[in-house]
Amino acid sequence: MKDEAMDWQELTNLTRGQSFLVERVRLAGSGVAIEGEFELPQLAQLNVEDQVFVTAFVRCHGSIKQMERIFGVSYPTIKARLNRIAQMLDFVETDPAPSRAEVIDRLRRGEITAQQALSELEGHT
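What counts, and where the lines are drawn
- Residues numbered from 1 in each chain as written.
- Predicted model: local features only at pLDDT ≥ 70, side-chain atom pairs only at ≥ 80, totals over all residues.
- Heavy atoms only, no water.
- Helix = DSSP H or I, 4+ residues; strand = E, 2+ residues; numbered from the N terminus.
- Buried < 20%, exposed > 50% of the residue type's maximum accessible area, 1.4 Å probe, protein only.
- Contact = heavy atoms within 4.5 Å.
- Phe/Tyr/Trp six-rings, centres within 6.5 Å; stacked < 30°, edge-to-face > 60°.
- Core = buried A, V, L, I, M, F, W, Y, C linked by side-chain atoms within 4.5 Å.
- Salt bridge = Lys/Arg side-chain N within 4 Å of Asp/Glu carboxyl O.
- Pairing = 2+ DSSP bridges.

A. Local environment of the overall build of the chain. The helix and strand tally for the chain stands at 7 helices and 2 strands. In the chain, the succession of helices and strands from N to C terminus is α-β-β-α-α-α-α-α-α. Burial analysis of the chain (125 residues in total) assigns 13% to the buried set. Look at the contacts in the chain between residues 6 or more apart in sequence, and 34% of them connect residues 24 or more apart.

B. Seen up close, the packing of aromatic side chains. Under the defined criterion, the tally for this structure stands at 1 aromatic pair. On the basis of an interplanar angle of 45° and a centroid distance of 5.2 Å, the ring pair of Phe 53 and Phe 71 is categorised as tilted. Of this pair, Phe 53 sits in helix H3 (residues 48-59) while Phe 71 is found in helix H4 (residues 64-71), placing the two residues 18 residues apart along the sequence. What makes Phe 53 buried here is its relative accessible area of 1%. By relative accessible area, Phe 71 is classed as partly exposed at 30%.

C. Spatial organisation of the nonpolar core. One finds Leu 46, Phe 53, Ala 56, Cys 60, Ile 64, Met 67, Ile 78 and Ile 85 forming the largest nonpolar core, which totals 8 residues. Put simply, the parts of the chain that give this core at least two residues each are H3, H4 and helix H5 (75-88). Leave out the neighbours within four places in its chain, and Phe 53 touches Met 67, Phe 71, Ile 78, Arg 81, Leu 82 and Ile 85.

D. Quick peek at the pattern of salt bridges. For the coordinates displayed, the defined rule picks out 6 salt bridges. For the salt bridge of Asp 50 with Arg 84, the shortest nitrogen-to-oxygen distance reads 2.7 Å. Of this pair, Asp 50 sits in helix H3 while Arg 84 is found in helix H5, placing the two residues 34 residues apart along the sequence. Residue Asp 50 is classed as buried on the basis of its relative accessible area, which comes to 1%. Looking at Arg 84, the relative accessible area reads 36%, which means it is partly exposed. A salt bridge links Arg 109 to Glu 111; the nearest nitrogen and oxygen atoms lie 2.8 Å apart. Through salt bridges that share partners, Asp 50, Arg 81 and Arg 84 make up one connected network.

E. Quick peek at the pairing of strand E1 (residues 22-26). Summarising burial for E1: 0 of the 5 residues are buried, a small minority. The pairing of E1 with strand E2 (residues 33-38) spans 4 bridges and is classified as antiparallel. Within E2, the position partnered with Val 22 by the bridge is Phe 38. Hairpin connection between E1 and E2: a loop of 6 residues separates the two successive antiparallel strands, and Gly 29 in this loop has a positive phi of roughly 85°.

Structure representation (C-alpha cells):
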C-alpha cells in the first residue's frame, strides 16, 4: 500500500496538479489490458494529502473530534479542510427525482393527487 501511495505522489508531482486521462488499464494477475480514455474517479483526483484526510475521516466515521486528535488541529481547521475538499467534488444525487412516466403512473394508480403530480413535474425540463 505504501508503494502505491508513493506512485500516486510521484504522479501528482509529475502532473503538477493538471488533469490527465488514463489511456490503458491492466487487470492485475490476468494480463488483460483495456485501452481507451478513462477519467480518474473524483477521489483519485485529489492530491495525496487530501486523499489521506478523506480516508481518515471515513475511518473515523465522520467524527471531527477524532480528526482533531489524529491531525492535532482545531475543529475550525478540520471544517475548513472538509469544506475545501467538498468544493472540489461534484455532488452525487442519491435520491434522484422520479421520471415523468413514474409520476404519471403514480397519478393513474391514485397514489398522488393531480396537484402533487404537477408539483413533481414542475422540476422536470
